[in-house]
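Coordinate analysis (summary)
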Amino acid sequence: MSIGLLGTVVFWMLAVIAVLCGAAVFRVDSMARATYALAVSFIAVGAQVLILGLSYIGVITVLMMIMEMAIMAVYMIMFMGMNPALMPMNMVHGNKAAAVTAAGVFAALATGILLAPWPDRAGVPDPDPTAALGEALIGSKMLVMIVVSAVLLATVVAALVLALPRGRYDRFGDDLRRRPPADPQPGGVGR
Amino acid sequence: MTVQLVLLVAAALFSVGLYGALSQQVVVMVMMGLELMINGVILAAVACYWFLTPTPTAQVVLLVVIAAMTVEMAMGFAVATLLHRSRNSDMTDMATDLSG
Amino acid sequence: MSGQVGPLLPEIILLVGAVATLLTGSFLPRPRQWVARIIAVAALIAAAAAAVIGLAASPVQVYDLTYTIDVPTGVARLVVMTATLLVIGLGVDELAGNSRESETYTLLLLGALGTVVLSGAADLLVLAVGFLLASIPLYALIGMIRTPAAAEAAMKTYLLGALLGILLLLGVVLLGGVGDSTRYTELTAGLPAAPTGVVAVAAVAVLGGLMFKAGAVPGHFWVPDAAQGAGGTAAAFVTTVPKVGALVAVYRLVETVPDTTHLRLLVAVIAALSMTLGNLAAFWQDDPRRMLGWSTVSQAGYLLIPVAAAGRSDLALPSLLVYLAGYAVSNVTAFAVTAALPRFRTLADYRGLAAGRPWLAGALLVSLLSLVGTPPTAVFVGKLSIFTAGWDGGLGWLVVLAVLNSVASLFYYLRWIVPSLRRGAPDSGPLAYRPCPWATTTAIVGGTAVVGVGLTAGLILALAS
Amino acid sequence: MLSVLVFLPLLAAVILAVVKMPDAAAKVGWLVLSGLELLMVALIWTRYQTPPPGEMAFAQREPWLPGVGSSYSVGLDGLSLPLIVLTVVVFAACAVYAWREQHRPRAQAALFCFLQSMCLGVFAAQDLVVFFVFFDLSIVGMYFAILGWGHGQAARSALKFFLYTFLGSLVLLLGFIGLYVAADPHTFDMAELTRQAPLRDSGWIGGLVLAAVVIGLAIKTPTVPFHTWLPPAHTDAPAIGSAVLAGVLLKLGTYGFVRIAMPMLPQAWQAWTWVIITVGIVSVLYGALVALAQSNLKRMIAYTSVNHMGYIVLAVGAAGVVTADTTTRQIAVIGAVTQMVSHGLITAALFLLAGVLHERRGSYQIADYGGLAGPAPRYAGLLAVAAFASLGIPAFSGFIAEFQVFTGSIGAAPVTALALPGILIVAALFLRALQQLLTGTTRGKSPDFLDVRTSETLAVAPLLLASLVIGLLPRFLLDVIEPASRVVVDLVSR
Amino acid sequence: MSALSPGLLLWLLVTLPAAVGAGLCLAGRRTDRVAGPVGVAVTVAVTGSAFAAALVRPAVAVPFVAGADFGLGVDALSALVVCTVSVVALLVMIFAAAERGGDVPTAPSRFFGLMLLFLSAVLITATATTLPALLFSWEVMGATSYALIGFRWRVTERVGGGLTAFLTTRAADLGLYLAAGAALAGAAVAGAAVAGAAVGGEPVGGAVGGSGLELANLPALPAPWRDVVAAGVLVAGLGKAAQLPFSFWLSRAMLGPSPVSALLHSAAMVAMGGYLLLRVAPLLAATGWAATAAAWVGAPTALVLGAVAVAQTDLKQLLAASTAAQLGFVVLAAGVSATAGGTAHLVAHAATKALLFLAAGAWLNALGTKALPALRGAARRWPLVGVCATVGLLALAGVAPFSLWATKDEILAAARERSPVLAVVTLAAAVHPRRMPARCWRWCGPDRPMTLPTGMTRRNPAPAGFRARRRRRCCRWPSVRPSSGRWPCRRCPAGWPPLWGFPVKPGRPRSS
């Protein structure tokens, strides 16, 4: 199965965009721009995924990334009190060491990638990869998804516990009977 | 177009992300670096799927990677919030009470 | 293939227990959150009972060979349950009435579940999600008390965990790519034919991720910070329980990856670095918890010895399990002592403990001597067997290094023991201050268990071999 | 029977530690326990029949760690029985001596009961893991004894002791593991390992394992150059702690030579026997010379321990010279075992007597005293007798031991005659110390020195009496030791 | 007695004094009153047993250390020595029990206890037939002599004298340890040669080891071992016998109480050195070189210490030096295989010297000094003692009718057979003693009234109480007149090499 010439060209263009935007994340002078650059990088990779026939996963990659960037923007406005568009920044430490490390890792990975005798393709992709994925998820890889559900539960609980300084007893009283909740800021969001 | 070339791109993304993760001071920026690394991993996973093992398992791998990314980022925001609230700072360098 | 519920009963009980604890806790008034605790404890006990039953059954692989329930899983389950129970016990004083009490129990149960999944994983994907499940509750537990130090520790843990987690994912991707599958059974067959370099890099990446959980070099930076900065409950949990799953997982990984990658040698080197670094760093610590944190790093080093000897010695697996059991009990007991005296944050504070609180001092003594490896405590049999396994596996140099490290470790453990045996000032020391009752009880129970495990370690060894 | 003997003190220790009771009750309890142990050990001695080679009397074996080929296995033969008796006797003397202890007597009684149990366990053990467990715990117990009841720089000395001997024990453990791994099937069982002698044809690995075992034991013994922990530990230890340390604990090391190193690693022992002999000679001479230079009585006695242990090392080294005649080597081993018993009795007495000095006047400095024979004639008499016994005057056990050590060793390896001046130097230093402490005008801290109390006399005199009995009528002891020594020499000659 | 078996008799001989002695020592002050009589009584019993044993010639052996028995036996040689020892001991005991003013009454129980222990050790030495038994008693003898010399422990100097004596003799004793080891090895080699390969199986303490350590079997040992044994025994013997170069200890040992000096240096310790060499004379002869060495140590000792003795101004020092010199003859006898002559000389010397020591002690007790110049006129003041001393001195000088004259001649004859040079040296040595009594007589003779130098008490480092006691004693002797504190010293030749340990100057009298 092939992706054709056009697919190949677009694939490589996307690859270039992904890497350049990735690099830009740490070159631009504001956090907002960095966020956009990261989003573009992700969307490019998502598109690559799409090109390689994994439409479902490509789409969720793109969607997820957009959501995440939105959250990040909210976060910055909420907590960092900065105008995301204009704030100049240069917040690096150990720049040189980090660069050397990253370059070293890249060199090592590249060498490995180029020298390794990669095996041939084993089999062909399913005609309907999404359906195959679905079957795998409720079949051989079911346990993975079960655990992922537990992971998501844990994430919800953990993230809330960490992020919220005020718990239910602060709002509703020790017997949970106070109505309306005692919030410094009215509106029912617990702030 | 070969697996090597795609993996090289992935490696590039991964390395750029690593650079960011190691060099940035602001927690959110570090997280961006981590995300870029995951981006590279996603690309690598796709490459593996396409060129090496076009099986459903490889797709599940991708799914798990994306789930991991999401979950880690959620926790990252939570931790950053906590740090911000408790220390009024979100700079990694300013949190140096614990050392030795 | 799917739907094999029976063998997974302990995991299911934990998950259900976590949900039940969370839900119940959400509707309980603050003074009655102990109900959530009861539920959590009941879930752990039920899970432990189920684990015992599972241990009696013959080994089985469920969910299309992605999860193994055999002796290591069974022992890991039991150790995790027991350690978590002890952690809850030592944390009652700290948590009772806390606004996050039921959430803490939920997270403890989920973290325990994650560790158990890690230990049973027979598939790289299960390993990866198990890693996530074991990690995420840790961040929350460490940051739970919301002090600046806790927040810092949570941040460091998170950053390191995320970084190494991504590394683990990369390894999973590559192994899955070149090995045609993510199941260990197929990887064992497929990997020898795959390009060695790729397999080696991938295995190292996975290993790196697991080292974060094990708290060994290079993923050890968070351990002392978490031990010092987090609350007593969280500190005891995060330095003890995740190691269990991580080390069993590493053991399985080492057995899966072909010899040509020399992964064993790398594990041996990591072991050497961990024990040495952990001991050196522990030498001059003045905070008992931070010292314990560094000591757990060195303990992770010892624990990696049988891993490095995996497949080379019949004793490798039994010794690993025995050591894990002994280590878990001893470490939790030592933390229980610190939790019983939360105001004592320097070693000098413990002066006069033996005179004022003899039982607590006894528990401290037993647990620390156990960590040193003194007979007849739990870790002694562990050390004996890991040394034997290491030597048998051709790692004489590592065993010698471990011996030297054991002697060195004695030095800093004694820095804690000696003041506690001295006579102290009556108005400021332990005599003037009432220790937390639950933590004290847990410490004493733990101390008894340390000796008990030491005396009955033969059973575990026999079971495992 | 044997297990009861070993674990009864442990039980007593637990009871003493846990049950709150008046101090006097604790002391009485300790005395009663010592009495029971004495009775039991007497019973064991009367019922003891020399077991055939390769077997043990009073043997008992229970499964313990089947996974690593280890079991709870105990037994007695001619090597361990005398040391078991020695242990019980020395601890009983300590119990009597401690009758007037003021400082936390209940805890002390518990700790020493614990120590007694551990020491008995080491001598009874017939499994390397069991041996190691008791060996290691004896170190821990001793550490706390020095730490809790010592004086001077007790904490530092105790730490030094602990670190040194703990290192030694772990090195020893390495050696044990080496033996285990080499054995086929893997086992820690001493009898089986002795039968197999697993590393017999393995060249340098055998040497390496032997080095681990020997260094581990040598640190405990201690021999030059591993002796530096001994003097500070003794100086700062309490009197009964020193007595137990010198009287019993040092024997754990030398006992290990004849019980483990020689029978299990015969070829390596033969190959390295000249190193052992050299270490022995150096220990004898160095210990004696350094003791001669001491001004502190306890340090001096401590260094004479290095010297006396050197005789044992010398003798067991000579026993490995397979080219020599069997008879002489047997005599050397008999002498070595006799020396263990003898040194235990005499040095324990000496340390208890040194403790009297500190208890009365807070000083061990020889120069602080003079003419003690005036105010304290009984003390002077006891000290003089103990000193003469220690320097190996006939009629006391030391002579029997040293005579056999030297006749056997010189016969097997004439070079050991180089160590003979050790006898002379030790005589010189003891007599000089006696002269300064006891004779001349009563001066320094000596005036109004309280003579030995009844409890002190009752503690010291039986030890010296035992030494005298062995010195005059050694056959009852040698008849027990001889068959076992013959076995050892046969084993090491393989 | 007749009801007793011979073995029991022998055991009685050696254990009775040991047991009673130990008992007296342990009892301490409680038995002070009865100690003297008990000591004398026990010695009487011992003397009786000794003569009985000399007649019966018993021999016993019990298993002792691994590889050797504890063997005792009385043969012709030891019969003579045992009797001499016990008789001399009896005399000394009686003297000590009768002593009033000297050292003994300060702690009689301890004194007699130690004396009895010492006696027992000497008797075992004399009767020992195996090396372990010999070494056993040999060392006990040294230890008890230490305790006896330092009997007055408050005087550091005296304890120091004991220390020197003990350490010197023990240094020589190392030879016996060496000899024992070599004998064992030699016996094993011999046994292996005889019994072939049957070494491994036989029990320790059996025939092979045991026979090797028997004194009688020593000459039969194979060559290299025999030489080592001979060397060791020779050194040990020379050390005890105060031969060159060990002789200095004997001088320091003179600080002990007089009865001790008498017993130690007449029939007991020093003599035992000579006795040992006589006993192993066959061994020495078997090696060849050892006998020659013994002879060549003995003869010069006799010569040099004879000269030293003549130069002494302290009576006890004089006697000590002459003891060493006389023992030189005995050693020489052992070296030239003149066992009979040597033994006779030993016995005769013992009798003579005991007499003289007792005389010296009597004077010392009476006058508080033993410096010859201070003894001026002593013989006239106490005629009986004077006569005894005169007889002793004449005998010592080898004057014709007395015993030493005959024995010395015999030894000389034997030496002449061996080597003319040796004979010349011996002859020269034999001349010395003839000058000595004359010298003593000149000092102690009848001419002048005796004096007690007061300077003595002034110089004495003894504590105040002690001094007071002596002053009281002085007061009981009204004839003592203070005179000038200076003694004539013109007669003493200065510059004896200190090698031999005897004072080269008259020095201050060493009494308490």
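Position numbers for residues count from 1 along each chain, tracking the sequence in the order it is written. Written order decides the labels, with chains lettered from A and ligands numbered from 1. Only residues with pLDDT of at least 70 are given local features in this predicted model, and only at 80 or more are side-chain atom pairs given and counted; all residues enter the totals for whole chains, interfaces and linings. As a rule here, side-chain values come from all non-hydrogen atoms in the structure, and water together with hydrogens is ignored.

**Quick look at the interface of chain B and chain C**
What counts here: For this analysis, residues touch if any pair of their heavy atoms sits within 4.5 Å. A 1.4 Å probe defines the accessible area here, and the buried area is the portion of it lost by two parts on being joined, summed over both. The definition of a polar contact used here is a pair of N or O atoms within 3.5 Å, where within protein one atom must be able to donate a hydrogen and the other to accept one, and adjacent residues in sequence count solely through side-chain atom pairs. The helix and strand labels rest on DSSP assignments: H or I over at least four residues marks a helix, E over at least two residues marks a strand, and numbering proceeds from the N terminus.
Counting residues at the interface gives 39 residues for chain B, matched by 39 residues for chain C. Summed over both sides, the interface of chain B with chain C buries roughly 3,300 Å², with 79% coming from carbon and sulfur. At the boundary of chain B with chain C, the tally comes to one residue pair in polar contact (both at pLDDT 80 or more). Counting residues per element, the ones that place at least two in the side of chain B that touches chain C are helix H1 (3-23), helix H2 (27-52) and helix H3 (56-87) of chain B.

**A look at helix H17 (residues 396-421) of chain C**
Using the following cut-off: A helix's residues, less one, multiplied by 1.5 Å, set its expected span. Each residue is assigned a bend, namely the angle between axes fitted to the seven residues that terminate at it and the seven residues that start at it.
Along its 26 residues, H17 of chain C runs 37 Å from first to last C-alpha, staying within 8% of the 38 Å computed at 1.5 Å per residue. At Leu414 of chain C, H17 of chain C shows its largest kink, close to 35°.

**Notes on the packing of aromatic side chains**
The condition is simple: Stacked, edge-to-face and tilted are the three classes for Phe, Tyr and Trp ring pairs, Trp counted by its six-membered ring, which pair at centre distances within 6.5 Å; planes under 30 degrees apart are stacked, over 60 edge-to-face, the rest tilted. Accessibility here uses a 1.4 Å probe with only protein chains present; expressed as a share of the type maximum, an area under 20% marks a residue as buried, one over 50% as exposed, and anything in between as partly exposed. Charge over a ring is defined by NZ of Lys or CZ of Arg lying within 6 Å of the ring centre and within 35 degrees of the ring normal.
Applying the stated criterion to the full structure yields 43 aromatic pairs over all chains. Between Tyr369 of chain D and Phe449 of chain D, the ring centres sit 6.2 Å apart and the planes meet at 85°, which makes this aromatic pair edge-to-face. Taken as a pair, Tyr369 of chain D in the loop between helix H13 (326-361) and helix H14 (377-390) and Phe449 of chain D in the loop between helix H16 (421-438) and helix H17 (454-472) lie far apart in primary sequence, 80 residues in all. Both residues of the pair, Tyr369 of chain D and Phe449 of chain D, belong to the buried class. A centroid spacing of 5.6 Å and a plane angle of 35° characterise the contact between Phe399 of chain D and Phe403 of chain D, whose relative ring orientation is tilted. With Phe399 of chain D and Phe403 of chain D both in helix H15 (residues 397-412) and four residues apart, this pair spans about one turn of that helix. When the ring centre of Trp50 of chain B is taken as origin, the NZ or CZ atom of Arg121 of chain A, which lies over that ring, is 4.8 Å away. Taking the ring centre of Tyr302 of chain C as reference, the NZ or CZ of Lys383 of chain C above it sits at 4.4 Å.

**A short note on the packing of helix H3 (residues 80-97) of chain D against helix H10 (residues 239-264) of chain D**
All names here are of chain D. Heads up, the rule is: In this analysis, axes come from line fits to C-alpha atoms, helices being fitted only over the stretch in contact, and the angle between any two N-to-C directions falls in the range 0 to 180 degrees. For this classification, under 35 degrees means roughly parallel, over 145 means roughly antiparallel, 65 to 115 means roughly perpendicular, and everything else is oblique. Residue polarity is assigned by list, with Asp, Glu, Lys and Arg as charged and Ala, Val, Leu, Ile, Met, Phe, Trp, Tyr, Cys and Pro as nonpolar; anything else, Gly included, falls into the polar class.
Where H3 meets H10, the axes come as close as 9 Å, and the angle between the chain directions of the two elements is 170°. Viewed along their axes, H3 and H10 adopt a mutual orientation that is roughly antiparallel. Along the contact surface, H3 presents Ser80, Leu83, Leu86, Thr87, Val90, Phe91, Cys94 and Tyr97, while H10 presents Ala239, Ile240, Ala243, Val244, Gly247, Val248, Lys251, Tyr255 and Arg259. Across the contact of H3 with H10, the residue classes tally to twelve nonpolar, three polar and two charged.

**Examining the environment of Ala68 of chain B**
Along the polypeptide, Ala68 of chain B turns up in helix H3. For Ala68 of chain B, a relative accessible area of 1% translates into the label buried. Each C-alpha atom, one on Ala68 of chain B and one on Ile38 of chain B, is 9.0 Å from the other, the two residues being 30 residues apart in sequence. Look past the residues within four positions of Ala68 of chain B in its chain and what remains in contact with it is Leu132 and Leu169 of chain C.

**Looking at the side chain of Arg289 of chain C**
Residues and elements named next belong to chain C. Stated formally: Within this scheme the basic residues Lys and Arg register as positive and the acidic residues Asp and Glu register as negative, but His and the chain ends are omitted. Within this document, salt bridges are pairs made up of a side-chain nitrogen of Lys or Arg and a carboxyl oxygen of Asp or Glu, the two lying within 4 Å of each other.
Mapped onto the secondary structure, Arg289 falls in helix H12 (residues 288-308). Within the buried set, Arg289 has no salt-bridge partner at all; the shortest N-O distance to an opposite charge, 5.7 Å, is to Glu94. Looking at Arg289, its side chain comes within polar contact range of the main-chain oxygen of Ala227, at 3.3 Å. The residues contacting Arg289, other than those within four sequence positions of it, are Ala227, Gln228, Ala230, Gly231, Gly232, Ala235, Phe335, Thr338 and Arg345.

**Observations regarding a nonpolar patch on the surface**
For clarity, the threshold we go by: Patch membership needs two things, relative accessible area over 30% and no salt bridge, and members are linked within 9 Å if like-charged or within 5 Å if nonpolar (Val, Leu, Ile, Met, Phe, Trp, Tyr). For every accessible area listed, the method is Shrake-Rupley and the probe measures 1.4 Å; residues are considered covered only by the protein chains on display.
Among the surface-exposed residues, Trp359 of chain C together with Leu11, Val14, Ile15, Val18 and Val19 of chain D lie close enough to one another that they form a single nonpolar patch of about 560 Å² accessible area. When residues of the nonpolar patch are assigned to their parent elements, the largest contribution, four residues, is made by helix H1 (residues 2-18) of chain D. By secondary structure assignment, the location of Ile15 of chain D is in helix H1. You can call Ile15 of chain D partly exposed: its relative accessible area is 42%.

**Quick notes on unusual backbone geometry**
The step from Pro375 of chain C to Pro376 of chain C runs through a cis peptide bond, and the omega angle for that step is 0°. Positionally, Pro376 of chain C belongs in the loop between helix H15 (358-372) and helix H16 (378-392). For the bond running from Leu244 of chain E to Pro245 of chain E, omega is 0°, close enough to zero to count as cis. As for its placement among the helices and strands, Pro245 of chain E is situated in the loop between helix H8 (223-240) and helix H9 (248-253). Positive phi outside glycine occurs at Arg104 of chain D, with the angle close to 45°. For Arg104 of chain D, the location among the structural elements is in the loop between H3 and helix H4 (105-124). The class of Arg104 of chain D is partly exposed, set by a relative accessible area of 31%.

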